[in-house]
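Descriptive analysis of the structure
For reference, the chains in residue letters:
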Amino acid sequence: MHLENESPLVKKTAAFVKDVLLVAEGGHDWQHIQRVVQNAQQIATKEACNMEIVLLGALLHDIADSKFHGGDEGKGPAITGSFLDRAEAPPQVTEHVVQIIRNVSYSGGITRDFYSIELAIVQDADRLDALGAIGIARAFNYGGFKNRLIFDPAVPPVKYSDKEAYKNNTAPTINHFYEKLLLLKDGMHTETAKAMAKQRHMFMETFLEQFFNEVGSPAFSI
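To start, this report covers the structure provided alongside it. (Residues numbered from 1 in each chain as written. Predicted model: local features only at pLDDT ≥ 70, side-chain atom pairs only at ≥ 80, totals over all residues. Heavy atoms only, no water.)

**Re the overall build of the protein**
Threshold: By definition, any uninterrupted DSSP run of H or I lasting at least four residues is a helix, any uninterrupted run of E lasting at least two residues is a strand, and each is numbered from the N terminus. We compute the radius of gyration from the C-alpha atoms alone; for a globule the expected value is 2.2 Å times N to the 0.38, where N is the number of residues. Three labels apply to residues, based on accessible area from a 1.4 Å probe with only protein chains included: buried if under 20% of the type maximum, exposed if over 50%, partly exposed otherwise in between. Contacts are residue-level and defined by heavy atoms, with any inter-residue pair within 4.5 Å sufficient.
Along its length, the protein carries 10 helices and zero strands. Ordered by position from the N terminus, the helices and strands of the protein form the series α-α-α-α-α-α-α-α-α-α. The globule rule puts the C-alpha radius of gyration for 222 residues at 17 Å, and the 18 Å found for the protein is close to it. Projected onto its principal axes, the C-alpha coordinates of the protein cover approximately 55 × 35 × 35 Å. When each of the 222 residues of the protein is scored for burial, the buried share is 48%. Within the protein, contacts between residues separated by at least 24 positions form 67% of all contacts whose residues are at least 6 apart in sequence.

**Some points on the packing of aromatic side chains**
Remark: the centre distance and the inter-plane angle together describe each pair of aromatic rings, the angle taken between the planes. Note the following rule: Note on aromatic contacts: the rings of Phe and Tyr and the six-membered ring of Trp form a pair at centre separations within 6.5 Å, being stacked when their planes are under 30 degrees apart, edge-to-face when over 60 apart, and tilted otherwise.
Summed over all chains, the structure comprises 13 aromatic pairs. Taken together, a centroid distance of 4.2 Å and an interplanar angle of 10° make the contact between Phe 16 and Phe 83 stacked. Placement of the pair is Phe 16 in helix H1 (residues 8-20) and Phe 83 in helix H4 (residues 75-86), with a sequence separation of 67 residues. Taking relative accessible area as the criterion, Phe 83 reaches 5% and is therefore assigned buried. Relative to Phe 220, the ring of Phe 151 lies with its centre 5.8 Å away and its plane at 55°, an arrangement referred to as tilted. Residue Phe 151 is found in the loop between helix H7 (132-145) and helix H8 (163-167), and its partner Phe 220 is found in the segment after helix H10 (191-215); the two are separated by 69 residues along the sequence. Accessibility classification places Phe 151 together with Phe 220 in one group, the buried group. Among the aromatic residues, those joined into a ring-pair cluster are Phe 140, Phe 151, Phe 177, Tyr 178, Phe 207, Phe 211, Phe 212 and Phe 220.

**Some thoughts on the environment of Ser 217**
With respect to the secondary-structure elements, Ser 217 resides in the segment after H10. With residues up to four places along the chain from it excluded, the contact list for Ser 217 reads Phe 151, Pro 153 and Phe 212.

**Remarks on unusual backbone geometry**
Backbone geometry places Glu 88, a non-glycine residue, at a positive phi of 60°. In this fold, Glu 88 is placed in the loop between H4 and helix H5 (91-103). We classify Glu 88 as exposed; its relative accessible area is 72%. The phi torsion at Asn 147 lies on the positive side, around 60°, for a residue other than glycine. Classification of Asn 147 as exposed rests on a relative accessible area of 71%.

**Digging into the nonpolar core**
To keep it simple, the criterion reads: Here, the term nonpolar core denotes a set of buried Ala, Val, Leu, Ile, Met, Phe, Trp, Tyr and Cys residues that are joined through side-chain atoms within 4.5 Å.
Val 17, Ile 174 and Phe 177 are the most contacted members of the largest nonpolar core, which totals 57 residues. Excluding residues that lie within four positions of it along the chain, Phe 177 makes contacts with Ile 136, Ala 139, Phe 140, Leu 182, Met 204, Phe 207 and Leu 208.

Interpretation note: all reported values are geometric properties and have no functional meaning in isolation.
Here it is as structure tokens:
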């Protein structure tokens with residue numbers, strides 16, 4: 001991650017996030033943030049956007065992921081706003097970044113009442129890190145963290161009826177590919193992310209084909 005030419009606010013934010021996530025779960029740690037920032041930079045170079053807002057959003061997007069804070073979806077935006085105020089960010093910057101943090105998650109999506117190209121870029125960048133080889137690694141890391149089964153042929157994937165049902169599920173990790181990860185490709189907003197997602201999606205399909213061959217069970221379908 002190269003931030004040498006970025007603003008003092010971006011550099012200060014990177015140091016803050018790195019410190020806060022020092023002991024975070026392995027799929028949502030500082031390395032994850034670095035990858036999302038790199039993805040966001042790559043996407044943003046092809047879009048008309050505010051690069052500082054993109055970088056701040058990418059750096060802070062998992063500062064307090066609700067699934068590690070008792071489902072509290074307000075903690076991340078609150079920490080973000082408080083930090084940016086202390087860092088003397090312009091009020092319009094703080095408000096925009098807080099909106100990104102409030103709306104970036106998969107379960108939250110891009111809402112009807114807020115949209116910006118910067119939000120779309122950060123969301124694409126974050127979703128890309130849930131695909132491909134790193135996406136596979138992160139899925140099983142989180143499944144182990146939550147002590148979930150790897151696979152149970154008697155528990156098929158489901159389509160969740162609402163956000164709470166999605167957040168509260170305890171299904172085996174393989175189900176997560178069908179309930180979320182394989183759906184991400186078609187939810188990308190930018191052309192750059194769509195192209196990047198296509199290759200990573202194909203890699204996951206290859207992995208799943210091999211997985212079901214080895215366990216000797218029919219593959220699930222989306």
